[in-house]
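# Results of the structural survey
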Amino acid sequence: MMTMLTTTWTSISENDRRRIARWQKGMLALAILCEILLAADWYAFAAVLPFVSESLKLNPAEAGLAQGIFALTYGIGMVVWSPVSRSMTARNMLLIGLAGTGIGMVLQVFVQSYTQLVMLRLVIGFFDAGIFIGNMKLIFGWFPQSRRGSVVGIILAAYSLAITMDFALGIPLTIATGWRTFFAVLAIGTLLVAAVDALVVRNNPRELGIGGFTWGNETPQEHLPLGEIFRSKWIAVGGFGIVACTFAIAGTATWVVPAFITVQHMPPEAGAVIGTVMGLSQVLFLVIGGYMSDRLGKPFMIKLTACLAFLTALMFLWSVVTPMSFSMLVLFAALSGIALLGGGAIFALLSEKYSDALAPAAIGYAEVFGIFSAFVAPWMMGAIINASAGSFTGAFIAFAVVELIIVGLLMILAREDVSQGAVVGSPAE
C-alpha cells in the first residue's frame, strides 16, 4: 500500500512512461482546444464590435461595457468555481463550463437589443470561468512542476491564438455573412469540444490504472481551508501579475483597431490584419516566455512582464498622437505581445507556491484580481473616448497610468525570501 502511495515517474515501467507521454499530448491538445473556445467566445464581440454596434445601435461607452461586462461574471465564476475545484474533477468542470458557454453562445446569435447582449455575455462569462479552472486542474494532473511554466505558456498562447482567429477569420466571415453567423460557428465549436471532453478526458495518470501515481506536489488533505491561500503574499503577486496582462489584452483587443481607423485613417478591412498580427505576437511571446519561466525566476518574469505592459501602453499612446504609416502600425501590433511574455510564469508560480490541492483554487482567486481589469479596461477606455467626443489620447494615457501602478506594486511584492519558500498546503517533509 505504501508503495502505491509513492509511485512516481522514476519508479514506473518504461511502458507506463510511454503511455503517460501519449496521454499528456492528447490532454494538452484538448486543453488547447478548450482555451481557444474560451477566448474566442470572450473576444468575438471585440473583433466585430463595429458591426454589432451598427446593428444594435451601440455608442462607444455601451460597446466598451458590453465587452468588459463579460469579465464581471467571469470573476464571480472564479469565486464560485475555485472552492468547487477541490472536489470536482477537471473533466466535469470542463464539461459543465463548455456546455453552459455553448448554450449561451447559441442564444447570443439571436439577440435583438443591448440588454439581451449584456445579459447573455454575463451568462457566458460565468461558465467560461469553469473552463479555465478545469483546464488548469487538468494540466496540473498531467504534468510535473518542472514543465508547468512551458505548458501553461502554450495554453495561454492558445488563448491569444483564439483572439487572433477572431480577427483574422471573424471579420471576413462577418463582412460576408453577418456577425450572427460568426457567433453561431463559435457556438457549434464550443458544444463539439464539450462532447469530446465527455468522451475522452482522463483526469490524471492514476485513471490509466497506474495506482498511487504522483508528480510530487499532491497532498492527501483534499479539504484544506481556503484561508491558507490568503496567508501567502503570492496570491497578490499572481493577481497583480494577471492585472498587468489582462488590462493590456482587453485594452488593446478592444480599442487599438478602432483607434487606428479613426486616428490613422486606416481602412476598416485592415483591422483584420492588425488584429491578426497582435494575436500572433501574443502567441509567440507567450510560448517564448513559458520556456523562459521554467529556466529563470518566475517572480522576475512577472515583474519584467509588467514593465513591458507599461511600455506597450506607451507605444500605443504614441500611435494615437502621431501620424504613422501602415507599416509602422503593423510593427506596433507585432510588438504588442511583449505585454504577455511572463503570462505562463504567473500560473506556474502559483502551482509552485501552493500544493496541487490548493493551486487551482489559488489560480481562480488570483484571476479575480486580474479579470476585474478585463472589465475595467474596455469600459473605462470607452467611457473616456465617449466623454472626449471620440478622442483616444486620454484613454491610452489612462491605460499607461494603470500599468505603471501595477509595476510599482509588483516591485514591492514579488520578492523572493526564505520565509516564503515553502509550498502552502503541502504535507510536512
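Residues numbered from 1 in each chain as written. Predicted model: local features only at pLDDT ≥ 70, side-chain atom pairs only at ≥ 80, totals over all residues. Heavy atoms only, no water.

An unreviewed UniProt entry annotates the protein chain as MFS family permease originating from Bradyrhizobium japonicum. UniProt's Subcellular location (unreviewed entry) comment on the protein chain is quoted here verbatim: "Endomembrane system". (UniProt positions renumbered as here; feature names shortened; annotations may be inferred.)

The geometry of an aromatic ring pair is captured by the separation of the ring centres together with the interplanar angle, meaning the angle of the planes. Tallying each qualifying case throughout the model produces eleven aromatic pairs. Judged by centre distance (4.8 Å) and plane angle (55°), the rings of Trp42 and Tyr74 are tilted. Here Trp42 is found in helix α2 (residues 14-47), whereas its partner Tyr74 is found in helix α5 (residues 70-84), with 32 residues between them in sequence. Like Tyr74, Trp42 is buried. With 6.2 Å between their ring centres and 50° between their planes, Phe396 and Phe399 make a pair best called tilted. (Phe/Tyr/Trp six-rings, centres within 6.5 Å; stacked < 30°, edge-to-face > 60°. Helix = DSSP H or I, 4+ residues; strand = E, 2+ residues; numbered from the N terminus. Buried < 20%, exposed > 50% of the residue type's maximum accessible area, 1.4 Å probe, protein only.)

Let's shift gears to unusual backbone geometry. Its identity is not glycine, yet His265 carries a phi of approximately 55°, on the positive side. By the element assignment, His265 lies in the loop between α11 (234-263) and α12 (271-293).

One can describe the packing of helix α16 (residues 359-387) onto helix α17 (residues 393-413) by two numbers: an axis separation of 8 Å at closest approach and a directional angle of 145°. Remark: the crossing between α16 and α17 carries right-handed chirality. Taking contact as the criterion, the partners of Met380, Met381, Ile384 and Ile385 in α16 are, on α17, Gly394, Ala395, Phe396, Ala398, Phe399 and Val402. Classifying every residue of the contact of α16 with α17 gives nine nonpolar, one polar and no charged. (Axes fitted to C-alpha atoms, helices over the stretch in contact; angles between N-to-C directions. Left-handed = near helix turned anticlockwise from the far one by under 90°. Contact = heavy atoms within 4.5 Å. Nonpolar A, V, L, I, M, F, W, Y, C, P; charged D, E, K, R; others polar.)

Once that is clear, we can look at helix α14 (residues 326-335). All of the buried residues along α14 are Leu329, Phe332 and Ala333. One side of α14 carries all its buried residues, which in axial view fall inside an arc of 100°. Buried residues along α14 sit against α11, α12 and α13 (298-319). (Arc of directions from axis to C-beta.)

A few words now on a nonpolar patch on the surface. A grouping of Ile103, Val106, Leu107, Phe110 and Leu191 is seen on the molecular surface, where their side chains present a nonpolar patch of about 450 Å² in accessible area. Inspection of the secondary structure puts Leu191 in helix α9 (residues 179-200). Judged by its relative accessible area of 34%, Leu191 is partly exposed. (Patch = residues over 30% accessible without salt bridge, like charges linked within 9 Å, V, L, I, M, F, W, Y side chains within 5 Å. Areas by Shrake-Rupley, 256 points an atom, 1.4 Å probe, with all protein chains shown as cover. Salt bridge = Lys/Arg side-chain N within 4 Å of Asp/Glu carboxyl O.)

Where the model shows low pLDDT, its predicted coordinates should not be examined in detail. Within the protein chain, residue pLDDT values average 82, and 92% of them lie at 70 or more. Helix α1 (residues 2-5) is the least confidently modelled element of the protein chain, averaging 46 in pLDDT, while α14 averages 93, the highest of any element. (pLDDT = per-residue confidence, 0-100.)

In this structure, Glu62 sits in helix α4 (residues 60-68). Not counting chain neighbours up to four residues away, the residues in contact with Glu62 comprise Lys57 and Tyr114.

This next bit is on the side chain of Thr174. With respect to the helices and strands, the residue Thr174 is situated in helix α8 (residues 148-177). Relative accessible area serves as the criterion here: at 5%, Thr174 is assigned to the buried category. Excluding its chain neighbours within four sequence positions, the residues that come into contact with Thr174 are Val48, Phe51, Trp179 and Phe182.

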